[in-house]
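Listed below, chain by chain, are the residues.
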Amino acid sequence: MGYKEEYQRWLDKGIMVDELKNLSDSEIEECFYKDLKFGTGGIRAIMGPGPNKLNKYTIRKNTEGFARFIEAQGEEAKKQGVVIACDNRNHSQEFCEEAAKVLATHDIHVYLFESLRTTPELSFAVRYLQAAGGINVTASHNPPEYNGYKTYDHHGCQSVPRDTDVIIKYIEGVEDLLDIKIDPEKESNIEYIGIEVDEAYYKALETVQERPGEDKSLSIVYTPLHGTGNVPVRTMLNRLGYTVYPVGVQCIPDPMFSKTKSPNPENKKSFELAVEVAKEKDADLIVATDPDCDRLGIVVKHESDYVYMTGNQTGAVLLEYLLSTKKEKGTLPTNGIVFDTIVTASLGARVAAKYGVEVESTLTGFKFIGDKIREYKGKKQFLFGYEESYGYMIKEFTRDKDGVQSTILAAEAANYYKSKGKTLVDVLNDLYDEFGYLEDIQESQTLPGIEGAKKMEAMVDEYRNGDIREVEGRKVVAKEDYKLSIHYDLLTGEKTELTLPKSNVIKLFLDDGSWVVIRPSGNEPKIKFYKNLWQKKEQ
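Reading the values: the criteria
Residue numbering note: each chain is counted from 1, following its sequence as written. Selection of residues for local features in this predicted model requires a pLDDT of at least 70, selection of side-chain atom pairs for listing and counting requires 80 or more, and totals for whole chains, interfaces and linings are taken over all residues. The basis for every side-chain value is the complete set of non-hydrogen atoms in the structure, without hydrogens or water. Angles run from 0 to 180 degrees between N-to-C directions of axes, and those axes are lines fitted to C-alpha atoms, restricted for helices to the stretch in contact. Numbering of helices and strands starts at the N terminus; helices are DSSP runs of H or I of at least 4 residues and strands are runs of E of at least 2. What sets the label is the angle itself: under 35 degrees gives roughly parallel, over 145 gives roughly antiparallel, 65 to 115 gives roughly perpendicular, and the rest give oblique. It only takes one pair of heavy atoms within 4.5 Å for two residues to be counted as in contact. Gly is placed with the polar residues, together with every amino acid not listed as nonpolar (Ala, Val, Leu, Ile, Met, Phe, Trp, Tyr, Cys and Pro) or charged (Asp, Glu, Lys and Arg). DSSP-based pairing: two strands are paired if at least 2 bridges between them are found. Note on exposure labels: buried denotes an accessible area under 20% of the residue type's maximum, exposed denotes more than 50%, and partly exposed covers the range between, all computed with a 1.4 Å probe on protein chains only. Throughout, the arc means the angular range of directions from the helix axis out to the C-beta atoms.

One can describe the packing of helix α13 (residues 347-354) onto helix α16 (residues 424-435) by two numbers: an axis separation of 11 Å at closest approach and a directional angle of 80°. Considering their axes alone, α13 and α16 lie roughly perpendicular with respect to each other. Residue-level inspection shows L347, R350, V351 and K354 of α13 in contact with α16, the latter providing L428, L431, Y432, E434 and F435. In the contact of α13 with α16, the residues fall into 6 nonpolar, no polar and 3 charged.

Spelled out as structure tokens, the structure:
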């Protein structure tokens, strides 16, 4: 059936008619020319009508596939159930309820949060309730027109390829997304949850502290950027004794993000109102979490200015604080391990090496870090996991990056160094003095639609098959192709096999220890470029 026929079928069934009638010919093609694909990171897409947009029918289809995946695990998995949570976006609660009804129709027990919750609490809840899996309706830090859908395994980890490959087959086996059965009599399988899980999560968060009970002289400005972090972050900072100044207008869970120029703490513009509050209150630290509160961005008062720190810089500083504190206390294990990703800057790895701690790099996506924690359980002691995109995890009671955990550790580190007359920027500069200055650059291009997909494919093909010998004035000495699972040594011509899961990513290694990466996003129409460039020390 062609896209025009499918469009007419939706009209004939009276589905989303008002939206459909307002579409142009090109918009009709975009909405109907293909089915929305569940990828390695689930789905993140613009909301609207048609099988290629996120709406209650595409939510039902993907949940029908996930329900069949849970059913295949047996009756015990159905009893263990699935936890569902959502963020503050338009239609998020509706999408959660649609997912819950589909699962309930399959006699799968559903734990549905009564109102919006953070991504890390969803991960925690799966583990706490010993559920068989989870669903999270969120588009993280994307613009207001987006929403998303992610699945989790029974470890509270986002589904990894060995599971998503199976889930995708079940989804593709759904014959008609407009004819998925919903049985109202089965809604008794839905159990609403809330404060009990919240308090269990808060109790676990207290264990993130390395120096509990120390005096808190630090003052913090906090913004949830209209998202889910407002309650848990402020609750924990207040319980731990910090002085907190919220950015009030950004504490409202507004799906349009109307009081911020960006809901993404990777964007400096997201901090504009927070900086104003910080200057007024003379605060020491500014903390921002993204809408689903899995990412943390910080700005530090340093001398007379407020200094933005990147995700890579923050990760290296938090790692220095964590490992140095454990060494001082005598609690640094001999079998400790830190996880980063293939696009995480190298400074943190050098910090870990200084303390004799192993670092292992995974593919991009925190699910791979969560899965490695599972793999090494009882063999190596997890200490810290992070990626360049402002995501950190300190304790494994969640298996996803956690903006609340990260806030607690960042606040404690800033408070400790303040007592020593230093800021987090001073600590970063000390690391640069010790290891050399590292310039980490991240660029991205958003390329939506059919033409955008073709452009992205051509860009990656140039890196994969082109003869690139020099980047940024540095010689290319090796290339890793994670889709083909091959490491090429360009100096010797030797090829070795990579053991990481396959992913459409290319990494070029340069002759001074620097590297660059090109990576199409797994769940949005965006291609990303990463540059990790070591600068020569001044003599």
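Another point: the sheet that holds strand β8 (residues 243-246). On the basis of which strands lie adjacent, the open sheet formed by 5 strands has the order β8-β7-β9-β10-β11 and mixed pairing. Unpaired on one side and paired on the other, β8 and β11 (305-309) mark the two borders of the sheet. Each adjacent strand pair in this sheet contributes to an overall mean axis angle of 25°, direction not counted. Looking at chain direction, strand β7 (residues 219-223) and strand β9 (residues 285-289) are connected through 4 bridges and run parallel. Looking at the pairing, T223 lines up with A288 of β9. Each of β7, β8, β9 and β11 is contacted by helix α11 (residues 272-281), which is oriented at about 160° to β7, the strand it contacts most.

A274, V275, V277 and A278 are the residues of α11 that are buried. The arc enclosing the buried residues of α11, seen along the axis, measures out at 160°, which places them on a common side. Of the exposed residues in α11, those oriented more than 90 degrees away from the buried face are E276, K279 and E280. On the buried face of α11, the contacting elements are β7, β8, β9 and β11. The first or second residue beyond α11 is D282, which carries a positive phi of 55°.

As summarised here, the arrangement of the 6 strands in space is β1-β5-β4-β2-β3-β6, forming an open sheet in which the pairing is mixed. Edge strands, defined here as strands with exactly one partner in the open sheet, are β1 (43-46) and β6 (190-193). Strand-to-strand twist in this sheet, taken as the mean axis angle between neighbours without regard to direction, amounts to 20°. Pairing of strand β3 (residues 110-113) with β6, which is carried by 4 bridges, proceeds in the parallel orientation. Each bridged residue has a counterpart across the sheet, and for V110 the counterpart in β6 is I190. Strand contacts of helix α4 (residues 56-71): β1, β2 (82-86), β4 (133-137) and β5 (146-152), with the helix running at about 5° to β5, the strand carrying the most contacts. Against the sheet, helix α6 (residues 92-105) touches β2, β3, β4, β5 and β6, its axis set at about 165° to β2.

Everything listed here is a matter of geometry and, on its own, says nothing about what the molecule does.
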